[in-house]
Structure formats: C-alpha cells, structure tokens
Amino acid sequence: MGFPDTRFNVNLSILFTELPLLERPAAARAAGFTAVELWWPWVDAPVPEQAELDALRAALNDAGTRLVGLNFYAGQLPGPDRGALSVPGEESARFRANVPVAVEFARSLGCTSFNALYGNRVEGVDPAEQDRLALENLAFAARAVAAEVDGTLLIEALNAPESPRCPIVSAPKAIEVVEAVNAATGLDNARFLMDLYHLSMNGEDLDEVIDRYTDRTAHVQIADNPGRGAPGTGDLDFIALLDRLAKAGYDGWTGLEYKPGDGPSAEAFGWLPADRRAARS
C-alpha cells in the first residue's frame, strides 16, 4: 500500500495500550510515527492533577510526537459510555469542567482539534431535553476552542450495532449536529469527524459519504471491517477510499484507530510502508 497523499497519526488510546500511558508516545515514535491523538486519558478525572498533565506533556515532547487530536472527557471510554455532554446532571457538569482543562493542555502542545462525543440516551429523560443540553454544551465547547486556540470542534458518528443508545449513528445525523452548532455560535468551527469504520458498520455507502461530506470534514479515522483491525484484515479498500478522500480535497489527518490484534501494537503496521508513517507538515 502506498498512500502518498495521506497524513497518518496513531491513536494512543487503542494502539500501544499494552504499555503504560507515558510509554506510548515513545513506542509510537519507535514505530516510525511522529503524530498521535488521544481519547481523554483519565476516564475518572475530567480535571486531573496538574502533575499528570505535565507528565503526559513531557512524554509527548520527549518522544518527538505531535498531538494532533484530543477527545474531551467522554465518561468510561472504552467502556459503557459514549460521551457525557448530553447526559444531564453530574456527567454534563464533568464535561463542562473538562473543556478548559483539555483546551489548555492541547494548546500547550499545539493541538487544535477536539472530539466531543455526544453520549447515550438516558432512560426516563426526554430525548429533546438531552438534545437541548447537548447543543448548549457543544456551543460552550466550540466557543472555548475558538477563543483559546482558534481550533476545531469535531462531531463523530458512531455505529448503531456497538452503540445502540447513542443517537449520532449516521453521517447525516452528525452533519445535522455540526450545522446546529455552527448556527448556534456563528463561529463555523464545528466539523465532521469521518470514522470510516463506524460508518461501514452502519452500512453506509462510504463513497457517497466521502463525496457528500468531505468539505465539512476536519478529521478522518480508520479501521477495517469486520473486526476493527488494521487495514487488510477486513473488507474495506483503503487505497481506494483514501484516494477518493484526497481527490475530494481532504488533506487533514487520518487517525489509525484500530485494534492491534493478538500481537504487540508495534507489529500492527505492516500494511503501511515505513516511509509513510512520519507526519508531513
């Protein structure tokens, strides 16, 4: 596989997880990657101790890895949760408390892209009330991102089979939320996170999604389907898909967000030539 026009980064929250968090940046660098992304690393702490933030920042810098994407606090991820911002009460408050912390941490590393996972439907709560809360919190986050780092708020569609209680499980629905946030803030800094694995699991036509929504996409993530493994372990034609994205004008980051399989993560990149792994500017 070639991918000469694709800028890859490694998600350190799904790859290299056999290692402690602070060892993962160096392991990614040893595998040839210079750009990484992260889910919020402290699932129980939307506002962790400053020493923990400082230690992760140092690990990223010492490894020579650039942080290009960061999730806001999303509850137990991986785990039962699919976000916090639409969940009334404590979880919504935790999301809002996390926003300035995450933005400042990312700012210190030059990162300007933030994924805000919507969250599950809650039994006994009116979905319209959850959607109202979600829009309020997304607008809050979009304004913070714009003010502090001139950055981008990402809205991701998950997949219905694995996330049956999440309402954002199609590209059109994610785009609907993107447009609602931009209308609410007037900032136009909300964009689609196009995860090709999730969209494939939903049975969506990936060529059509690329053709319709690339102009509103600011980040792409990939894993093969079935299995959520490395490219080449399933049925998706990533040469064709990433080429189609490039021809549609996409020149942003493509995050490797797949399971490494039975072996160590360092052995899960054989599909990608070594000279294609380091970040291009």
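Residues numbered from 1 in each chain as written. Predicted model: local features only at pLDDT ≥ 70, side-chain atom pairs only at ≥ 80, totals over all residues. Heavy atoms only, no water.

Participant: Explain helix α3 (residues 90-107) to me, please; I cannot follow it from the model alone.
Facilitator: For an α-helix the count is 3.6 residues per turn, leaving residues at separations of three or four pointing the same way. The terminal C-alpha atoms of α3 lie 26 Å apart, and with 18 residues this matches the ideal 26 Å at 1.5 Å per residue to within 8%. The principal kink in α3, of about 30°, is found at Asn-98, preceding the proline Pro-100 by one to four residues. The complete set of buried residues in α3 reads Glu-91, Ser-92, Arg-94, Phe-95, Asn-98, Val-99, Val-101, Ala-102, Val-103, Phe-105 and Ala-106. Packed against the buried residues of α3 are α2 (50-63), β3 (66-71), β4 (113-115) and α4 (127-149). (Helix = DSSP H or I, 4+ residues; strand = E, 2+ residues; numbered from the N terminus. Expected span 1.5 Å × (residues − 1). Bend = angle between axes of the 7 residues up to and from the residue. Buried < 20%, exposed > 50% of the residue type's maximum accessible area, 1.4 Å probe, protein only. Contact = heavy atoms within 4.5 Å.)

Participant: Would you mind going over helix α8 (residues 238-247) with me for this structure?
Facilitator: Among all positions in α8, only Phe-238, Leu-241, Leu-242 and Leu-245 are buried. Considered in projection along α8, the buried side chains sweep an arc of 90° and stay on one side of the axis. Next to the buried residues of α8 lie β1 (7-11), β6 (190-195), α6 (196-201), α7 (206-213), β7 (217-222) and β8 (253-256). The opening residue of α8, the one whose side-chain oxygen lies 3.3 Å from the backbone nitrogen of Ile-239, is Asp-237. Two residues or fewer past α8, Gly-249 is found with a positive phi of approximately 105°. (Arc of directions from axis to C-beta. Polar contact = N/O pair within 3.5 Å; in protein donor to acceptor, adjacent residues only side chain to side chain.)

Participant: Any chance you could explain the pairing of strand β5 (residues 152-156) here in plain terms?
Facilitator: Within a regular strand, the side chains alternate between the two sheet faces. Burial of β5 is extensive: four of the five residues sit out of reach of the surface. For β4 and β5, the ladder comprises three bridges, and the chain directions are parallel. Of the residues in β5, the one forming a bridge with Ser-113 is Thr-152. In the classification by handedness, the crossover that spans β4, the intervening α4 and the parallel β5 is right-handed. Relative to β6, β5 is paired through four bridges, and the arrangement is parallel. Opposite Glu-156, over in β6, you have Leu-193 as the bridge partner. Note on the crossover from β5 through helix α5 (residues 171-185) to β6: the handedness is right-handed. (Pairing = 2+ DSSP bridges. Right-handed = clockwise from strand over helix to strand, strands pointing away.)

Participant: How do you make sense of the side chain of Thr-6 when you look at a structure like this?
Facilitator: For Thr-6, the position within the fold is in the segment before β1. Relative accessible area serves as the criterion here: at 12%, Thr-6 is assigned to the buried category. Each residue touching Thr-6, except ones within four places of it in the same chain, is listed here: Leu-242, Thr-254 and Arg-280.

Participant: Can you walk me through the sheet that holds β4 in this structure?
Facilitator: Adjacent strands of a sheet form backbone hydrogen bonds with each other and so pair up, either parallel or antiparallel. The eight strands are arranged β1-β2-β3-β4-β5-β6-β7-β8 in a closed barrel whose pairing can be described as parallel. On average, adjacent strands in this sheet sit at an angle of 30° to one another, irrespective of strand direction. In the sheet, β7 pairs with β8 via three bridges, with the strands oriented parallel. Within the sheet, the bridge partner assigned to Val-220 lies in β8 and is Thr-254. Across the sheet, α3 touches β3 and β4, and the angle it forms with β3 is around 170°. Sitting on the sheet, α7 is in contact with β6 and β7, with an inclination near 160° to β6. (Axes fitted to C-alpha atoms, helices over the stretch in contact; angles between N-to-C directions.)

Participant: Help me understand the environment of Leu-56, please; the structure alone is not making it clear to me.
Facilitator: One can find Leu-56 in helix α2. We classify Leu-56 as buried; its relative accessible area is 0%. With 36 residues separating them in the primary sequence, Leu-56 and Pro-20 have C-alpha atoms 11 Å apart. Not counting residues within four places of it along the chain, the set of residues in contact with Leu-56 comprises Leu-21, Leu-22, Leu-38, Pro-41, Trp-42 and Phe-105.

Participant: Please clarify how the packing of aromatic side chains should be interpreted in this entry.
Facilitator: Each aromatic ring pair is summarised here by two numbers: the centre-to-centre distance and the angle between the ring planes. With the rule as written, the count across this model stands at 12 aromatic pairs. Arranged with centres 5.6 Å apart and planes meeting at 80°, the rings of Phe-3 and Phe-8 form a pair that is edge-to-face. A ring pair is formed by Phe-192 and Tyr-213, whose centres lie 6.3 Å apart and whose planes are at 80°; its orientation type is edge-to-face. Placement of Phe-192 in strand β6 and of Tyr-213 in helix α7 is noted, with a sequence separation of 21 residues between them. (Phe/Tyr/Trp six-rings, centres within 6.5 Å; stacked < 30°, edge-to-face > 60°.)

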